[in-house]
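Chain by chain, the residues run as shown.
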Amino acid sequence: MHERAPQSGEEARRLVRVALAAWGRRRVDLDAAEVVVAELVANAVRHMAGPALRIIIDRPDAGRVYVAFVARVPRRLPALRTPAPDETDGRGLLLVNAYALRCGYDILGGTRPWGKRVWVLLETRL
């Protein structure tokens, strides 16, 4: 678990760099993963509740990397939108969608909402 704070983004990007390097992924994969992670962490810090954020990085197979963020008590569900040209934010999920093989969210907790997991599946190359 990591503190849910603006500086969480750098720690998440570091974790992704270490994981991709350990798995022998190419630099282009690292660049895309860092953009996606930066956007998802910024959204988690802004929109999720609770003091902590869990970061999950996994490799379901040789060609894909799974990155997820879990936090307690969902405030809002992620929603893709098209911002007006003069808006300064609101493009994060558009960037995530551009890089992701798939992305989504899961509500956790059964009958009582515990939290949510926002995830992305990235394609990688050797």
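Everything numeric in this text was worked out from a predicted model, so none of it was measured. (Residues numbered from 1 in each chain as written. Predicted model: local features only at pLDDT ≥ 70, side-chain atom pairs only at ≥ 80, totals over all residues. Heavy atoms only, no water.)

A. Layout of the overall build of the protein. Secondary structure summary: the protein contains 3 helices and 5 strands in total. The order of α-helices and β-strands along the protein, N terminus first, is β-α-α-β-β-α-β-β. Expressed as a percentage of the 126 residues in the protein, the buried residues total 34%. Within the protein, contacts between residues at least 6 apart in sequence are counted, and of these 61% link residues at least 24 apart. Accessible surface, the protein as shown: approximately 7,300 Å² in total, 54% of it carbon and sulfur. (Helix = DSSP H or I, 4+ residues; strand = E, 2+ residues; numbered from the N terminus. Buried < 20%, exposed > 50% of the residue type's maximum accessible area, 1.4 Å probe, protein only. Contact = heavy atoms within 4.5 Å. Areas by Shrake-Rupley, 256 points an atom, 1.4 Å probe, with all protein chains shown as cover.)

B. The nonpolar core, seen in detail. Counting residues in each nonpolar core, the largest one holds 21 residues, and the members touching the most others are Val37, Leu40, Phe69 and Val120. Taken together, the elements giving at least two residues each to this core come down to α1 (8–22), α2 (27–47), β2 (52–61), β3 (64–72) and β5 (115–123). Here the element with the most residues in this core is α2; it accounts for 7 residues. In this structure, valine 37 is in contact with Ala12, Arg13, Val16, Val67 and Phe69, ignoring residues within four places of it in sequence. (Core = buried A, V, L, I, M, F, W, Y, C linked by side-chain atoms within 4.5 Å.)

C. Quick peek at the pattern of salt bridges. One pass over the structure, following the stated rule, counts 5 salt bridges. Residue glutamate 10 is joined to arginine 13 by a salt bridge in which the shortest nitrogen-to-oxygen separation is 3.0 Å. With glutamate 10 and arginine 13 both in helix α1 and 3 residues apart, this pair spans about one turn of that helix. A relative accessible area of 40% places glutamate 10 in the partly exposed class. (Salt bridge = Lys/Arg side-chain N within 4 Å of Asp/Glu carboxyl O.)

D. Representation of the packing of aromatic side chains. Under the defined criterion, the tally for this structure stands at 1 aromatic pair. Judged by centre distance (6.3 Å) and plane angle (25°), the ring pair of tyrosine 66 and tryptophan 119 falls under stacked. With tyrosine 66 in strand β3 and tryptophan 119 in strand β5, this residue pair connects regions lying 53 residues apart in the sequence. (Phe/Tyr/Trp six-rings, centres within 6.5 Å; stacked < 30°, edge-to-face > 60°.)

E. Geometry of the pairing of β5. When you tally the buried positions in β5, you get 7 out of 9 residues, the bulk of the element. As paired strands, strand β4 (residues 102–108) and β5 are joined by 7 bridges and run antiparallel to one another. Within β5, the residue paired with glycine 104 across the bridge is tryptophan 119. (Pairing = 2+ DSSP bridges.)

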